[in-house]
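# Residue-level structural notes
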Amino acid sequence: MHWADYTAQKLKERGENQVSASGITPSGEFHIGHLREILSAEMIHRSCLNAGMKSKYIFIVDSMDPLRRVYDFLSCEYEEYIGCPLAYIPAPDSEGKPGSSDISYAEYFLNPFLESLEQIGVNPEVVMNHESYENGEFAKYIDLAIKNKEEIRSTIQEISGRELSKEWFPYSPIGSDGSLDGVIVTGYENPYVYWRDEQGVDGKSDIRKGEGKMPWRIDWAARWILHGITCEPAGKDHGAAGGSYDTGIPICKILGGNPPDKIVYEWIQLKGMGPMSSSSGVTIGPMEALSLVPPEILRYIIARSKINRHIEFDTGVSLFKTADEYERLVSAPTPVLEAMNKRQLVAQETQEGAIRLSQVENGTDPRESVGGVTFRHLSMLAQIKSSDEDVWSSLSRSGHIKEKPGSVLKIRLSRMRAWINGPHFPDESRIDIRSEISDESRSAMGKLGVLFLTNLSSFLSDCEWSEEGISAAISQACENTEIQRKDGYSAIYLALTGRTHGPKVSALLFEMERSTVISLFDCD
RNA sequence: GGGCCUGUAGCUUAGUCAGGUAGAGCGUCCGGCUUUUAACCGGACGGUCGCGGGUUCGAACCCCGUCAGGCCCGCCA
């Protein structure tokens, strides 16, 4: 059984209404790792729906979290905003300086991410955490946390093994300069928390407004109750013994809630750049990774791995392999046979779940996602056809598509182009058509190969210029020169690309000018 | 120091919770396909399940120890 289905089955024991959630701090550009957080929760949400439960998926943006430090991509002017909630500070401009646009720092990084999520079929209910504070939704829990301050303090100290200072308080007010740092609480009288900040200024914060926040470990526990969260997969950092999951559970109970079960997912890491690239400074941009990969393949990468396994995200050749695997499973699902033992059945069921959860739209037929065109074929067309229109007309001539390309296919092509034109596309998959046959290729194919190509050249000069016609000509030339088919095809690839293998020859030649092919092959 | 996750065929891995003859895909090799090429079809090769001990009639699986990799115990997905 797939892990998401298994989790859904476990959740059913709690009841028929499920709320899955993710929470992310928008402190910088979103990246592939955040995607695992999002998709882990979203896939469980889908499994709950598929199991007949009521379920929703919410994405909580930690917009009330303060700016921790001046990140590399920020200019030093951000120094003055350290400690201030991300919702209340300006977004950086193109130079990393605080800009004048009216969107906040938090929104600046969030908005493009939400667009990417839409493309991979994730449509969460978005909750800006700072709004929950501003609306007073947290007030009840802040009050409870303050009243149970000592119990929460000892819970955190015992479970995390961390010593809390004398000044520690379960609510951090914003000081006179807008920062949460260094503000000491001096008193509490519902609804006001009294404080003194680093400048020595005294003030008070209304817990019903956005004038402060609870520390992370308590904030998390409180939001579980506020939103009725039953499931929130957390990264292994939160999941470690003594981490915020372990303290969140008892704190949630202190605040009168029923915490979700602990679900921990492993990290996803970027790989695929050769050892040379890291030294040459080629690194992959966080959102860039998302823009290269077809949505269902991206989902499949997350769905096929168990939630507690490392994933190496690779934008090189293994992307082809993953796409092949996906397409193979979609077009020819493993059949359920009587002879299968329990394990094989489990494996089959897990595989089916991974494919089902990889679909951009829940419940659609996986075969539609391939759109009749394989990833590899598209990579060839995208390389030899610079205009999209030519790609579509080629696909329609070859019978891959009926009329106009669907939106799924258009997105696939644009991502393919981004991949091919970027630094991550593997060289070995690059189609570089030679204008003449190199000496190495000539010696590799041997005399028979040369003879074959010359022969082929004449057949091609008067065959029908279609994939079928070209295939027939190749076949004739093979028979005529008594070359092994295998060697004949190798000779063609050697002439075209200098390698012994490549994409389907008839399709490749068909996309070229007949005269170009004829003069290239006529090499005797 | 304390803790978590991982270690199974050349590679990616299933199976570990509920112990019962180690499964799959990729790659490799061999054969087939007389319009066969980043294919397809059939077959073969390939595993001391990290290592050592224990429990058991029986251990990849349970227990103890140990090694290796990753991670957490301020913030981080």
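Every value quoted in this text rests on a predicted model; they were computed, and no experiment measured them.

Turning next to the nonpolar core. Grouped together as the largest cluster of nonpolar side chains are 111 residues, with contacts concentrated most on Phe59, Phe452, Leu453, Leu456, Leu460 and Phe521. No other element matches the 8 residues that helix H2 (residues 32–50) contributes to this core. Summarising the domain contributions, this core has at least three residues from each of domain 1 (375–429) and domain 2 (439–521). Apart from the residues lying within four places of it in its own chain, the contact partners of Leu456 are Ala473, Ile474, Ala477, Ile492 and Phe521. One finds Ile146, Phe169, Leu180 and Ala222 within the second-largest nonpolar core, a separate group that totals 37 residues.

Moving on, we get to the layout of surface pockets. A volume near 1200 Å³ is recorded for the largest pocket. Lining the largest pocket we find 49 residues, and of these Asp65, Pro66, Arg68, Lys213 and Trp216 sit closest to its centre. Contributions of two or more residues to the lining of the largest pocket are made by strand E1 (17–24), H2, strand E4 (172–173), strand E5 (184–189), helix H7 (216–226), strand E9 (234–235) and helix H8 (236–239). Partitioning the lining of the largest pocket into residue classes produces 23 nonpolar, 11 polar and 15 charged.

Another point: the pattern of salt bridges. This model, assessed by the stated rule, comprises 21 salt bridges. In this structure, Glu150 engages Arg153 in a salt bridge whose closest nitrogen and oxygen atoms are separated by 3.3 Å. In this pair, Glu150 and Arg153 are both assigned in helix H6 (residues 149–160), 3 residues apart and thus about one turn of the helix distant. Between Asp427 and Arg430 there is a salt bridge; the shortest N-O distance is 3.6 Å.

All right, on to the packing of helix H16 (residues 375–384) against helix H18 (residues 407–421) then. Between H16 and H18, whose axes approach to 10 Å, the crossing angle comes to 65°. Here H16 lies roughly perpendicular to H18, going by the angle between them. As H16 packs across H18, the resulting crossing turns out to be right-handed. Residues Phe375, Leu378, Ser379, Ala382 and Gln383 of H16 pack against Arg412, Leu413, Met416, Arg417, Trp419 and Ile420 of H18. Looking at side-chain class alone, the contact of H16 with H18 contains 7 nonpolar, 2 polar and 2 charged residues.

Running from amino to carboxyl end, helix H12 (residues 295–303) crosses helix H13 (residues 318–331) at an angle of 90°, the nearest separation of the two axes being 10 Å. Judged by the inter-axis angle, H12 sits roughly perpendicular to H13. Counted together, Glu296, Ile297, Tyr300 and Ile301 of H12 and Leu319, Thr322, Ala323, Glu325, Tyr326 and Leu329 of H13 form the full contact between these two elements. By residue class, the composition of the contact of H12 with H13 is 7 nonpolar, 1 polar and 2 charged.

This part covers unusual backbone geometry. Here Asn190 and Pro191 are connected by a cis peptide whose omega angle stands at 5°. You can see Pro191 is positioned in the loop between E5 and strand E6 (192–196). One non-glycine residue, Glu482, adopts positive backbone phi at about 55°. Relative to the helices and strands, Glu482 is located in the loop between helix H20 (467–481) and helix H21 (485–497).

Moving on, we come to the pairing of strand E7 (residues 202–206). In this sheet, E7 lies alongside E6 in antiparallel orientation, the contact comprising 5 bridges. Along E7, the bridge assignment pairs Tyr192 with Asp206. Hairpin connection from E6 to E7: 5 residues lie between these consecutive antiparallel strands, with Gly200 at a positive phi of about 85°.

Let us look at the side chain of Asp197. Mapped onto the fold, Asp197 is located in the loop between E6 and E7. Comment: no salt bridge for buried Asp197; closest opposite-charge side chain is Arg196, at 7.3 Å. The residues touching Asp197, leaving out its near neighbours within four places in the chain, are Gly175, Ser176, Asp177, Gly182 and Val183.

With that settled, the discussion passes to the domain arrangement of chain A. According to the domain assignment, chain A consists of domain 1 (375–429) and domain 2 (439–521). Look at where the C-alpha atoms of domain 1 and domain 2 centre, and you get two points 24 Å apart. Counting from both sides, the interface comprises 10 residues of domain 1 and, opposite them, 8 residues of domain 2. Where domain 1 abuts domain 2, roughly 630 Å² becomes buried across the two surfaces, and 60% of that area is made up of carbon and sulfur atoms. Counting the surface domain 1 buries against domain 2, the share from its top three residues, Met380, Ile384 and Arg397, is 53%. Remark: the boundary between domain 1 and domain 2 carries 1 salt bridge. Between Glu511 and Lys385 there is a salt bridge; the shortest N-O distance is 2.9 Å. Where domain 1 packs against domain 2, one counts 3 residue pairs in polar contact (both at pLDDT 80 or more). Counting only elements with at least two residues in the side of domain 1 that touches domain 2, the list comes to H16 and helix H17 (388–397).

Procedures and definitions
- Residues numbered from 1 in each chain as written.
- Chains lettered and ligands numbered in written order.
- Predicted model: local features only at pLDDT ≥ 70, side-chain atom pairs only at ≥ 80, totals over all residues.
- Heavy atoms only, no water.
- Core = buried A, V, L, I, M, F, W, Y, C linked by side-chain atoms within 4.5 Å.
- Buried < 20%, exposed > 50% of the residue type's maximum accessible area, 1.4 Å probe, protein only.
- Helix = DSSP H or I, 4+ residues; strand = E, 2+ residues; numbered from the N terminus.
- Domains from an automatic or database assignment.
- Contact = heavy atoms within 4.5 Å.
- 1 Å grid on protein atoms, 1.4 Å probe; cavity = no way out; pocket = protein on both sides within 12 Å on 5 of 7 lines; lining within 4 Å.
- Points joined across faces, edges and corners; volume = space filled by probe spheres on them.
- Nonpolar A, V, L, I, M, F, W, Y, C, P; charged D, E, K, R; others polar.
- Salt bridge = Lys/Arg side-chain N within 4 Å of Asp/Glu carboxyl O.
- Axes fitted to C-alpha atoms, helices over the stretch in contact; angles between N-to-C directions.
- Parallel < 35°, antiparallel > 145°, perpendicular 65-115°, else oblique.
- Left-handed = near helix turned anticlockwise from the far one by under 90°.
- Pairing = 2+ DSSP bridges.
- Lys, Arg positive; Asp, Glu negative; His and termini not counted.
- Buried area = accessible area lost by both parts, 1.4 Å probe.
- Polar contact = N/O pair within 3.5 Å; in protein donor to acceptor, adjacent residues only side chain to side chain.

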